[in-house]
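Tertiary structure, described
Chain by chain, the residues run as shown.
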Amino acid sequence: MKVIYVADKKPEKKEFLLAEAKQQLEIQGFSNDGHVLFKYANAEQGVDQTFGVNLKKYLAHQQEDPSISRSFLDRYMWTAEEKTDNEPSEGAYIFKPEWRSPKPQLYGKLSEDVVYEKGENIEQWTITYEDAKTNEKAIIKVRFSQFVPELIEFVVELNSIPIDDIKGKDVTVNWKMFGGFDAQKTFWSDSNALEMEERNIRELMREDQTFAGNMYPITSAIAMRDFKKDSNTQVTIMNDRVQGGSADLSDNSTIELIQHRRILRDDGKGVSEPLNETDSFDDLGLQVFARYQMQIFNFEKGKSLQRSSQIQLQDPLQYFFIFDFTVKESAKKLAQEHTSLVEIQK
């Protein structure tokens, strides 16, 4: 891995240490399974956690009929594979990975060059994914600032999902905790901002059914805890829109959120069209940008920032502008249209 520093000189290591928050975020390199590794430390809470981030894709199940010679047979005479192939396709209402290869695969090709930028208020790592063969492209920007204590921000810019292989896909953003983090197949998801509901991974008959049956609607946050002895570490991911997600499912100690879907078949549940939105200008699939915030903290010593972060993400500051405005004209107009309280009392 090569880190490209966009500055006059490479910053000294001590510059990463935030004096006020006593926190530190450093890039560590790449893992063998395609994660970009970071190490986060919070001296006040005794937190020292290595995590990785990457993108993956589920291949969508697409209904296939048996060969013509066997389609005339009664269904009970079909083989188990033929019956499974003939199950309804994934669509707008159904998340259903391809049963022959249900595990998610890496999305795009990770660039070995990571661009690092540091300003007075914020530092950013830019990670690029681009696969010339599959045309899968994306950018992940990791941001850390002393003015937003305990929060790490991820901005994921996902280009159009290619469908040259005539296969639907669900693209996920994944955060994996290293260092023996043990979630024990348990996580929590937000129930319409009312409370965090505990979820437990259920093992079903087939692996594809297990993946599909343990995806939950994540309205604002998803969290998991390390159940390892003497560990009080909690990881919470806050998203800016409703997404499907899970934790400790397809990979151990991993939170995954579905950022975008592009499906080529209808699931027969009422929409009567595939989930294949395209740009009216070039007929390519839509680009989807999303923003996430991560908090890694000791839940015995620290405080969750989930609700305050949720307000900032879902109800951001809005700006309004007016043009051709002068103070004199505005004052005259107000004087003509409004009566002061003093005049009313007279």
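A few points on the structure. (Residues numbered from 1 in each chain as written. Predicted model: local features only at pLDDT ≥ 70, side-chain atom pairs only at ≥ 80, totals over all residues. Heavy atoms only, no water.)

1. Section: the packing of aromatic side chains
Applying the stated criterion across every chain yields a total of eleven aromatic pairs. Pairing F154 with W175 gives two aromatic rings, centres 5.7 Å apart and planes at 75 degrees, and the pair type is edge-to-face. Of this pair, F154 sits in strand β9 (residues 151-158) while W175 sits in strand β10 (residues 169-177), and the two are 21 residues apart along the sequence. Of the residues examined, W175 reaches a relative accessible area of 0% and is grouped as buried. With 5.8 Å between their ring centres and 70 degrees between their planes, F187 and Y216 make a pair best called edge-to-face. You can see F187 sitting in strand β11 (residues 186-190) and its partner Y216 sitting in strand β13 (residues 216-218), a full 29 residues away along the chain. For the pair formed by F187 and Y216, the shared burial category is buried. (Phe/Tyr/Trp six-rings, centres within 6.5 Å; stacked < 30°, edge-to-face > 60°. Helix = DSSP H or I, 4+ residues; strand = E, 2+ residues; numbered from the N terminus. Buried < 20%, exposed > 50% of the residue type's maximum accessible area, 1.4 Å probe, protein only.)

2. Some thoughts on the environment of T134
Within the secondary structure layout, T134 lies in the loop between β7 (123-131) and β8 (136-144). Given the relative accessible area of 29%, T134 is considered partly exposed. Taking the C-alpha atoms as reference points, T134 and Y107, separated by 27 residues in sequence, lie 9.4 Å from one another.

3. A closer look at the side chain of H35
Relative to the assigned elements, H35 resides in the loop between β2 (23-30) and β3 (36-42). A polar contact is formed between the side chain of H35 and the side chain of D33, at a distance of 3.0 Å. Beyond its immediate stretch of four places on either side in the chain, H35 contacts G29, F30, G52, V53, N54, K176, F178 and D251. (Polar contact = N/O pair within 3.5 Å; in protein donor to acceptor, adjacent residues only side chain to side chain. Contact = heavy atoms within 4.5 Å.)

4. Remarks on the layout of surface pockets
Quantified by volume, the largest pocket comes out at close to 370 Å³. Taken together, 17 residues form the lining of the largest pocket, with V242, Q243, G244, I258 and R261 sitting closest to its centre. Of all the elements, strand β17 (residues 254-262) adds the most residues to the lining of the largest pocket, at four residues. Grouping the amino acids of the lining of the largest pocket by side-chain chemistry returns nine nonpolar, four polar and four charged. Here the second largest pocket defines a volume of roughly 260 Å³. The wall of the second largest pocket is formed by 16 residues, among which N135, S160, R262, L284 and G285 lie closest to the centre. Looking at the lining of the second largest pocket, its residues break down into five nonpolar, five polar and six charged. (1 Å grid on protein atoms, 1.4 Å probe; cavity = no way out; pocket = protein on both sides within 12 Å on 5 of 7 lines; lining within 4 Å. Points joined across faces, edges and corners; volume = space filled by probe spheres on them. Nonpolar A, V, L, I, M, F, W, Y, C, P; charged D, E, K, R; others polar.)

5. A short note on the pairing of β17
Extensive coverage of β17 is indicated by the burial of nine of its nine residues. Sheet topology note: the strand β16 (residues 243-247)/β17 ladder contains three bridges and is antiparallel. Residue pairing for β17: A247 is matched across the bridge by I255. (Pairing = 2+ DSSP bridges.)

6. Comments concerning the pattern of salt bridges
Throughout the structure, instances matching the rule amount to 19 salt bridges. The shortest N-O distance in the salt bridge between K39 and D48 comes to 3.8 Å. Overall, the relative accessible area of 51% leaves D48 in the exposed class. Taking the shortest distance from any N to any O, the salt bridge between E157 and K141 comes out at 3.3 Å. Linking E157 in strand β9 with K141 in strand β8, this pair joins segments that are 16 residues apart in sequence. Of the two residues examined, E157 and K141, each falls in the buried class. The network of salt bridges with common partners includes E87, K96, R206 and D208. (Salt bridge = Lys/Arg side-chain N within 4 Å of Asp/Glu carboxyl O.)

7. Some remarks on the environment of S304
Note that S304 resides in the loop between β18 (288-298) and α4 (306-314). Separated by 70 residues in sequence, S304 and Q234 place their C-alpha atoms 9.1 Å apart. In this view, S304 contacts Q295 and F297; residues no more than four positions away in its chain are not counted.

8. Regarding a nonpolar patch on the surface
Together, L317, Y319, F321 and F323 make up an exposed nonpolar region whose accessible area comes to about 620 Å². By the secondary structure assignment, L317 is in the loop between α4 and α5 (327-337). Here L317 falls in the exposed class, since its relative accessible area comes to 66%. (Patch = residues over 30% accessible without salt bridge, like charges linked within 9 Å, V, L, I, M, F, W, Y side chains within 5 Å. Areas by Shrake-Rupley, 256 points an atom, 1.4 Å probe, with all protein chains shown as cover.)

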